[in-house]
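Okay, here's what each chain looks like letter by letter:
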Amino acid sequence: QYEAGRIERMRARKPRYAMHELTRMPVSELLALNRRPVPCGMEKKDLIQLLIDEERIDIIPSPEPVEYELETLKSMKIRQLKVAMEDAGVFFRPEDIVEKQDLITLFKNSGRLVLI
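Residues numbered from 1 in each chain as written. Predicted model: local features only at pLDDT ≥ 70, side-chain atom pairs only at ≥ 80, totals over all residues. Heavy atoms only, no water.

## Regarding helix H4 (residues 44–53)
For H4, the complete set of buried residues consists of Leu47, Ile48 and Leu51. For H4, the angular spread of the buried residues around the axis is 100°, confining them to a single face. Facing away from the buried side of H4, by more than 90 degrees, are the exposed residues Lys45 and Asp53. Contact partners of the buried residues in H4: helix H2 (19–24) and helix H3 (27–34). After H4 finishes, the residue Glu55 shows a positive phi value of roughly 55°. (Buried < 20%, exposed > 50% of the residue type's maximum accessible area, 1.4 Å probe, protein only. Helix = DSSP H or I, 4+ residues; strand = E, 2+ residues; numbered from the N terminus. Arc of directions from axis to C-beta. Contact = heavy atoms within 4.5 Å.)

Quick look at the structure:
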């Protein structure tokens, strides 16, 4: 009973995304969210704005990306790197990380880091 009701409620719910998730999303997924044809040649940023303007999605707040030099990240201790990632809103499963370089790669690919 509960599960059937939950599925029904979720079907009617608007998807929620942070802006950095939308900018990293492939155009094909953005088009699927729109569920309507769009003018040919529409740029990705314009498609994202269309989704927001037509209230097809909700934007959730997220922290601004942080700036680091790659050498600074490499010189950090693992604990410092984890704290920096957490502060930037990057979370991960510890079993997915084997080495320090895995943390740095995850941080770089997260969209939450600007290398200077």
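## Quick notes on the side chain of Ser110
When you line up the elements, Ser110 lands in the loop between helix H7 (100–109) and strand E4 (113–115). On the basis of relative accessibility, which here comes to 17%, the residue Ser110 falls in the buried class. Among the polar contacts made by the side chain of Ser110, one reaches the main-chain amide nitrogen of Arg112 at a distance of 3.0 Å. With residues near it in sequence (within four places) discarded, Ser110 still touches His20, Arg24 and Val90. (Polar contact = N/O pair within 3.5 Å; in protein donor to acceptor, adjacent residues only side chain to side chain.)

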